[in-house]
Amino acid sequence: MADDLLALLAAVQAGSVSIEGALERLRGLPYEDLGFARVDHHRALRTGFPEVIYCPGKTTAQIVAIARALIARHDRVLATRCDADTAADVIAEVPEFVYHPLPRLLTVGYPIAESPRGEVTIVAAGTADLAVAEEAAICAEMAGTCVTRIWDVGVAGLHRLLAQVGKLQNCDVVVVVAGMEGALASVVGGLTERPVIAVPTSVGYGASFGGVSALLTMLNSCATGVSVVNIDNGFGAGMIASRIARGRSNPHET
């Protein structure tokens, strides 16, 4: 977004875009009022990534309208937690979208065209955790980061994880996605000096309480450098991991 604004200002200075033309392109800032939603077009300039569409609770028409407003001004658009039926209806109206069924994401501009910065390693305990793990992975990639995926290395077979220690140490940040008792985050935290973002999932039997058991285990981790996001919040983990990784690769990035 910042690059787009600089290019627009340069075009005005060079005379290739009129002041009136520039005003029309900027008219949607800082937000565009759709009546049912105020689309925050200024967010990419403030935070480095456009506003993200959270699909549950929205009608297909609302998702389509917000998506069209975002696509008109941004080269990357992300919609989360979109079920397959809704995704099919949305894509019929907005064919620019690509649907990723496992993490239930709709994307425009994935994979990103520009060179990624920073390295995020995402670790999933089991196959049942992959929907949340892949949500984190694609979101981090959309945010401009290179991602390494390590799947099915839960603590029930610790040798599987130990074979991947090199990857845990040669990255900028690690995201650990685990359900059941959630012990994997503490183990990973004891194997790397990199910051670890733990994501509890709702995977597990009755006493896992929909992910609360894993959440409490991760919050009570004795390993240093472990932080925790909310249950099943792959999106949040991927975005903060990307910010950390890009900041490490470019300490002066704002």
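Cut-offs applied
Residues numbered from 1 in each chain as written. Predicted model: local features only at pLDDT ≥ 70, side-chain atom pairs only at ≥ 80, totals over all residues. Heavy atoms only, no water. Core = buried A, V, L, I, M, F, W, Y, C linked by side-chain atoms within 4.5 Å. Buried < 20%, exposed > 50% of the residue type's maximum accessible area, 1.4 Å probe, protein only. Helix = DSSP H or I, 4+ residues; strand = E, 2+ residues; numbered from the N terminus. Pairing = 2+ DSSP bridges. Polar contact = N/O pair within 3.5 Å; in protein donor to acceptor, adjacent residues only side chain to side chain. Right-handed = clockwise from strand over helix to strand, strands pointing away. Salt bridge = Lys/Arg side-chain N within 4 Å of Asp/Glu carboxyl O. Axes fitted to C-alpha atoms, helices over the stretch in contact; angles between N-to-C directions. Contact = heavy atoms within 4.5 Å.

Asker: Mind laying out the nonpolar core, listing which residues take part and the relevant values?
Answerer: Within the largest apolar cluster, 20 residues are counted, with the highest numbers of intra-cluster contacts made by Ile-53, Phe-97 and Leu-106. Mapped onto this core, the elements with two or more residues apiece are α4 (60-71), β4 (77-80), α5 (84-93) and β6 (105-108). Take this core: its biggest share by element is 6 residues, from α4.

Asker: Can you lay out the pairing of strand β7 (residues 119-124) for me, pointing to particular residues and giving the numbers?
Answerer: The side chains of a regular strand alternate between the sheet's two faces. Along β7, 6 of the 6 residues are buried, which leaves the element largely enclosed by surrounding structure. Every second residue of β7 is oriented toward a common face, with Glu-119, Thr-121 and Val-123 on one face and Val-120, Ile-122 and Ala-124 on the other, all of them buried. Sheet topology note: the β7/strand β8 (residues 146-150) ladder contains 5 bridges and is parallel. Paired with Thr-121 across the two strands is Thr-148, which belongs to β8. Inspection of the sheet shows β7 paired to strand β9 (residues 173-178) by 5 bridges, in the parallel sense. Across the sheet, residue Thr-121 finds its bridge partner in β9, namely Val-174.

Asker: An account of the side chain of His-74 is requested, with residue identities and associated values reported.
Answerer: Looking at the element boundaries, His-74 is found in the loop between α4 and β4. For His-74, the side chain forms a polar contact with the side chain of His-41, separated by 3.4 Å.

Asker: So what's going on with the pairing of strand β10 (residues 196-200)? Residues and values would help.
Answerer: When you tally the buried positions in β10, you get 5 out of 5 residues, the bulk of the element. Burial along β10 is two-sided: the face carrying Val-196, Ala-198 and Pro-200 and the face carrying Ile-197 and Val-199 are both buried. In this structure, β9 lies alongside β10, joined through 5 bridges in parallel fashion. What sits directly across from Val-175, in β10, is Ile-197. Assessed by its sense of winding, the connection that carries the chain from β9 through helix α9 (residues 184-189) to β10 is right-handed. Pairing of β10 with strand β11 (residues 226-228) involves 3 bridges; the strand directions are parallel. For Ala-198, the partnering residue across the bridge sits in β11 and is Val-228. A crossover connection joins β10 to the parallel β11 through helix α10 (residues 212-219); in handedness this β-α-β unit is right-handed.

Asker: Could you give an account of the pattern of salt bridges, naming the residues involved and the relevant values?
Answerer: For the structure on display, the rule yields 10 salt bridges. Glu-135 serves as the salt-bridge partner of Arg-81, at 2.9 Å between the closest nitrogen and oxygen. Placement of the pair is Arg-81 in the loop between β4 and α5 and Glu-135 in helix α6 (residues 130-142), with a sequence separation of 54 residues. What you see here is one network of salt bridges that share partners, running through Asp-40, Arg-43, Arg-46 and Glu-51.

Asker: Would you mind going over the sheet that holds β10 in detail, with residue names and values included?
Answerer: Taken in spatial order, the 5 strands of this open sheet run β8-β7-β9-β10-β11, and their pairing is parallel. In this open sheet, the two edge strands, each paired with only one partner strand, are β8 and β11. Within the sheet, the average angular offset between the axes of one strand and its neighbour, ignoring direction, is 25°. Seen against the sheet, α6 touches β7, β8, β9 and β10 and runs at an angle of roughly 165° to β8.

Keep in mind that these numbers describe shape and distance, not what the molecule does.
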